[in-house]
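Commentary on secondary and tertiary structure
As a plain string of letters, each chain reads:
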Amino acid sequence: MLTNNKNVLAWVDEMVALCKPAKVVWIDGSDEQLQALREEAVSTGEMMWLNQEKLPGCMYHRTAVNDVARVEDRTFICSTKKEDAGPTNNWKSPQEMHGLLTPMYYGVMEGKTMYVIPYSMGPIGSKMSKVGVEVTDSIYVVLNMDIMTRVGKRAFEQLGDESNDFVRGLHAKADLDDKKRYIVHFPEENSICSINSGYGGNVLLGKKCFALRIASYQGKNEGWMAEHMLILGIENPQGETKYVCAAFPSACGKTNLAMLIPPEVYAKQGYKVWTVGDDIAWLRQGDDGRLWAINPENGFFGVAPGTNLKSNPNALHTTEKGTIFTNVALNNDTNTVWWEGLDKNPPVNATEWKGAKVNGPEYIAAGNKLAHPNSRFTAPAKNCPCVSPEFDNPQGVPISAIIFGGRRAKTAPLVYQSFDWKHGTFVGSIMASETTAAAAGAVGVVRRDPMAMLPFCGYNMGDYWQHWLDMGEKLGDKAPKIFNVNWFRTDDEGHFIWPGFGDNMRVLMWILDRCEGKADAVETPIGYEPKPEDINIEGLDITVDTIKDLLSVDKESWMDDITHEGTGIEAFYAKFGDKLPCEMRKQLDALKARLA
Ligand code: GTP
Ligand code: SPV
Ligand code: MN
């Protein structure tokens, strides 16, 4: 036993009585224990060692074919009252859901081992950190949690012997039946139940389940925010670093932006970029009145496809040791990994993500993918060449700007700034983006995804917007400035117009200049835009005219975005009834008036 905390001990006893494992193992976080688990997972075939010379400490795992992404239609927020879950979440009463789940967990670990994982979300010793305990029957989950969070004894030290403020997470793979798969949150009970999945976002309960769904609910009650945001620092040649947060939906570029390599024009002047987080930010007002952020995670669960030495060398280097790869393809000659977009040489002697041995180039030529589009790496943050020196700072970092963004082929311009915090909250609330492979279901369909939190807000989204407005009141003139970006506008042939990736820094520089009052702006119906010549294009093969084009605001398509039947902003807002803050309605009316 790693703790004397009676609340923890009582809950684990309860879970043991329910799941009836043959054995219980407490994860202390020691290298010896984790190494033994790695060997055990290899011996059972659950995981595989990769080439230990080329990829030291790296392992490979394949999920079940029907279990490769988050399952939003099987994800529930079980608050006592339905209206507290709101129109964007699936809901059942806690009583009904417990009635459904408890029999499914009864004896589910018979003959198996239950692993008890204590973990801290956030740096040990930070007032902003919170503790969770996950019990699971999967070594893969233990090893991923070890990379993604701070596990072991230190987490119980963070919790203390008396506290009851820990999130209870129960996970069982059961038989991976997707008809009986449930990802369930009980915000009022501080607990999460996951069953019949082995895929990251469904089973690493510290991540989306705790650090966003449960934490967003806690944040509302306790006066802070849990957001689907990266955190990055930009250091100028004088050595001063400014931090920004950015909320983009899943697979829309957070990891890439968080680790960007400054283009030559900035690098040669001495600018540097530092990664604090790539997916989740916990934000709290500091004693100085400003908004401060920590990254509750300790690693990156990143999308593999598209990651290469040109698009994101920092991510690639981060995955060179101690990393778990899931659902990528194997090069059988070298026992290394491959995915679409890594390089132009798919392995001839390959194993595709489902496990079939294939000729890579031929397989791809026939229209198949070697790696699953949502294949992922789980890599320790400390491996990242540009990890921020502030990564473990218990105070977090002060935030100058908040950036929203999505995947929009048209409508949204490259960048615009909101008029103020209230308008910025509105800008976040009307976000829309094309769906991606990060969640099960159709890809490329535009849907509303407010603040990139549609699948992750643990309570009524109307109350969530009100919480944003309240935070803005509290922060007053110390509030970060709010912006919106879109790297994904396409031309008539469907090609991305903006070069993206490292060149996104050119847009970030305008954003920081605006925060410091150093750049001009043009007022448009949707907000402030840069003068086209204020986006630095030195070293790019695009012209100011292209920037002009990327910044164009087509009033008709904006009006259509508002009024479109079924998918428009008005239709979306209507779902919230009187939970929609009056301010949001006012903002929408004002936007319509400006567009008219
Ligand atoms: P989650 O981990 O699911 O939350 O995703 P994410 O938001 O971290 O997205 P990520 O950075 O992994 O990028 C997802 C996909 O978008 C990858 O295939 C990238 O290559 C692509 N991508 C990222 N940034 C850009 C960009 O600036 N332009 C273009 N065209 N594609 C990008
Ligand atoms: C996302 O889908 O936003 C992810 C991956 O970051 S998962 O952990 O599966 O949610
Ligand atoms: Mn994410």
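The structure this text deals with has already been given above.
Within every chain, residues take consecutive numbers counted from 1 along the sequence as written. Numbering of ligands from 1 and lettering of chains from A proceed in the order in which they are written. For a predicted model such as this one, the threshold for reporting local features is a pLDDT of at least 70, and the threshold for listing and counting side-chain atom pairs is 80 or more; totals across whole chains, interfaces and linings nevertheless cover every residue. Side-chain numbers here rest on the full set of heavy atoms in the structure, without hydrogens or water.

Side note on the sheet that holds strand β3 (residues 59–61)
Strands in a sheet are paired, the pairing made by backbone hydrogen bonds, and the direction either parallel or antiparallel. Strands were regarded as paired on the criterion that DSSP finds at least two bridges between them. Segments assigned H or I by DSSP are reported as helices when at least four residues long, segments assigned E as strands when at least two residues long, and all are numbered from the N terminus. Sheet architecture is open: five strands sit in the order β2-β3-β18-β23-β17, paired in mixed fashion. Either end of the sheet is taken by a strand with one partner, and the two such strands are β2 (48–49) and β17 (299–303). Across five bridges, the pairing between β17 and strand β23 (residues 376–380) is antiparallel. The residue bridging Phe 300 from the neighbouring strand is Ala 379, located in β23.

Observations concerning the site of ligand 1
The nearness test applies per residue and asks whether one of its heavy atoms lies within 4 Å of the molecule or strand. Around ligand 1 lies a shell of 22 residues, among which Ala 251, Lys 254, Thr 255, Asn 256 and Arg 376 are the nearest. Polar contact is the term for a pair of N or O atoms within 3.5 Å; when the atoms are in protein, one must be able to donate a hydrogen and the other to accept it, and sequence-neighboring residues count only if both atoms are side-chain atoms. Within the contact set of ligand 1, an oxygen atom lies 3.3 Å away from a backbone nitrogen or oxygen of Cys 252. A distance of 3.3 Å is found between an oxygen atom of ligand 1 and a backbone nitrogen or oxygen belonging to Pro 305. Contact with the protein chains removes 91% of the 660 Å² of surface that ligand 1 exposes when unbound. Elements supplying a minimum of two residues to the shell around ligand 1: α9 (254–258) and β17. Top element by residues in the shell around ligand 1 is α9. It accounts for three residues. Each accessible area is a Shrake-Rupley result for a 1.4 Å probe, and residues are judged covered by the shown protein chains and nothing else.

Concerning the packing of aromatic side chains
For Phe, Tyr and Trp, where Trp contributes only its six-membered ring, two rings pair if their centres lie within 6.5 Å, and the inter-plane angle classes them as stacked under 30 degrees, edge-to-face over 60, or tilted in between. For the coordinates displayed, the defined rule picks out 21 aromatic pairs. Ring geometry for Trp 26 against Phe 156: centres 6.1 Å apart, planes inclined by 50°, an arrangement best described as tilted. Taken as a pair, Trp 26 in strand β1 (residues 23–26) and Phe 156 in helix α6 (residues 153–159) lie far apart in primary sequence, 130 residues in all. A 1.4 Å probe rolled over the protein chains alone gives each residue an accessible area, and that area as a share of the maximum for its type sets the label: buried under 20%, exposed over 50%, partly exposed in between. Trp 26 sits in the buried class, given a relative accessible area of 13%. Judged by centre distance (5.6 Å) and plane angle (50°), the ring pair of Phe 404 and Trp 468 falls under tilted. With Phe 404 in strand β24 (residues 397–405) and Trp 468 in helix α14 (residues 461–475), this pair connects stretches of sequence that are 64 residues apart. Taking the relative accessible area as the measure of exposure, Phe 404 reaches 0% and is therefore buried. Members of the aromatic cluster, each reached through a chain of ring pairs, are Tyr 119, Phe 210, Trp 224 and Trp 282. We call a charge positioned above a ring when the Lys NZ or Arg CZ atom is no farther than 6 Å from the ring centre and deviates by at most 35 degrees from the ring normal. When the ring centre of Tyr 182 is taken as origin, the NZ or CZ atom of Arg 74, which lies over that ring, is 4.7 Å away.

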